[in-house]
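Chains, contacts and geometry: an overview
One-letter residues, chain by chain:
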Amino acid sequence: MLDGSDLYALELGGAKFVKACGGPCTEGCVALARIGDQAWALGDSKRPDAQPLRFTTDELDAAGIDPARFGLDV
């Protein structure tokens, strides 16, 4: 099982971020990418220079975020 320190050791190079919004995006959006087995990065399109936050699949599930909803393989 991954923990927080493991997640931040994963490389973001090659990660393909997709918009992960619940509706029409007029002001900006969050972006989600798979970065490993059961590991995800969540970025802010309004702050592209900010380091994306990292989450496990279980953490996204607990927050009600389903990557499949945005076209990502779970």
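Worth saying up front: this structure is predicted, and the values here are computed from it rather than measured.

Here we take up the pairing of strand E4 (residues 53–56). Going residue by residue along E4, you find Arg-54 and Thr-56 tucked away on one face and Leu-53 and Phe-55 left uncovered on the opposite face. With four bridges joining them, strand E3 (residues 39–44) and E4 adopt antiparallel strand pairing. The residue of E4 that forms the bridge with Leu-42 is Leu-53.

Take Arg-54: it is sitting in strand E4. In this structure the side chain of Arg-54 is engaged in a polar contact, spanning 2.8 Å, whose partner is the backbone oxygen of Leu-7. Excluding anything up to four places from it in sequence, Arg-54 contacts Leu-7, Tyr-8, Leu-10, Leu-12, Ile-35, Trp-40, Ala-41 and Glu-59.

Once that is clear, we can look at the sheet that holds E4. The strand order across the open sheet built from four strands is E1-E2-E3-E4, with neighbouring strands paired in antiparallel fashion. Each of the sheet's edge strands pairs with one partner strand only, and the pair in question is strand E1 (18–19) and E4. For E1 and strand E2 (residues 30–36), the ladder comprises two bridges, and the chain directions are antiparallel. Directly across from Val-18, in E2, lies its bridge partner Leu-32.

Scoring rules and cut-offs
- Residues numbered from 1 in each chain as written.
- Predicted model: local features only at pLDDT ≥ 70, side-chain atom pairs only at ≥ 80, totals over all residues.
- Heavy atoms only, no water.
- Buried < 20%, exposed > 50% of the residue type's maximum accessible area, 1.4 Å probe, protein only.
- Helix = DSSP H or I, 4+ residues; strand = E, 2+ residues; numbered from the N terminus.
- Pairing = 2+ DSSP bridges.
- Polar contact = N/O pair within 3.5 Å; in protein donor to acceptor, adjacent residues only side chain to side chain.
- Contact = heavy atoms within 4.5 Å.

Remember, this is a structural readout, not a statement about activity or role.
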